[in-house]
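Residue strings, one per chain:
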Amino acid sequence: MRIGELARRTGVSERSLRYYEKQGLMTAERTPGGHREYGEGAVDRVIRIQELFAAGLCSEKIAQLLPCMRDSDGGPSRTANGQLVSDLTVERERIDRMIADLFRSREVLDEVIEAASVPAE
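Residues numbered from 1 in each chain as written. Predicted model: local features only at pLDDT ≥ 70, side-chain atom pairs only at ≥ 80, totals over all residues. Heavy atoms only, no water.

- As named in an unreviewed UniProt entry, the protein chain is MerR family transcriptional regulator, taken from Streptomyces rugosispiralis.

### Describing the nonpolar core
Step number 1: Among the nonpolar cores identified, the biggest contains 23 residues, and Leu6, Leu17, Tyr20, Met26, Tyr38, Val46 and Leu52 are the most heavily contacted of them.
Step number 2: Within the residue set of this core, elements represented by two or more residues are helix H1 (3-10), helix H2 (14-22), helix H3 (41-54) and helix H4 (59-65).
Step number 3: In this structure Tyr38 touches Met1, Arg2, Ile3, Leu6, Leu17, Glu21, Met26, Thr27 and Ala28, once residues within four positions along its chain are discounted. (Core = buried A, V, L, I, M, F, W, Y, C linked by side-chain atoms within 4.5 Å. Buried < 20%, exposed > 50% of the residue type's maximum accessible area, 1.4 Å probe, protein only. Helix = DSSP H or I, 4+ residues; strand = E, 2+ residues; numbered from the N terminus. Contact = heavy atoms within 4.5 Å.)

### Some details on the environment of Cys68
Step number 1: For Cys68, the location among the structural elements is in the loop between H4 and helix H5 (82-117).
Step number 2: Note: C-alpha distance between Cys68 and Ala55 (13 residues apart in sequence) is 17 Å.

### Remarks on the UniProt feature "domain: HTH merR-type" (unreviewed entry) in the protein chain
Step number 1: The UniProt record annotates "domain: HTH merR-type" (unreviewed entry) at residues 1-68.
Step number 2: The span residues 1-68 carries 56% helix and 6% strand; its end-to-end C-alpha distance comes to 25 Å. (UniProt positions renumbered as here; feature names shortened; annotations may be inferred.)

### Things to note about H3
Step number 1: The end-to-end C-alpha distance of H3, which contains 14 residues, comes to 20 Å, matching closely the 20 Å that a straight helix rising 1.5 Å per residue would cover.
Step number 2: Ala42, Val43, Arg45, Val46, Arg48, Ile49 and Leu52 are the residues of H3 that are buried.
Step number 3: Here the buried face of H3 lies against H1, H2 and H4.
Step number 4: Once H3 ends, the next one or two residues include Gly56, with phi positive near 95°. (Expected span 1.5 Å × (residues − 1).)

Okay, here's the thing in structure tokens:
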């Protein structure tokens, strides 16, 4: 499929897809005219990349991680090394801290909402 179709199917801009390719996160074949051609698996790969960016990982870390994941379901493959596991453990701890911060923020908002909802006497 061409880059425009991949962009439509994944909701990711063509510019982002070119960036992913430049960062080594995905590859494309080239037609004789120089157009990018992606296989069907590119849809799953782009979705996986988007999930990892949303989790706060940088493109360099994603490039290290992707070979250790199956695109189809995001499950692990057997190619992870000890350093990557260590790095990912640090990332997971960072995400856990962010989640805890979000829960605290939600509690504060709940308190404000509750206080503001009580009718004035």
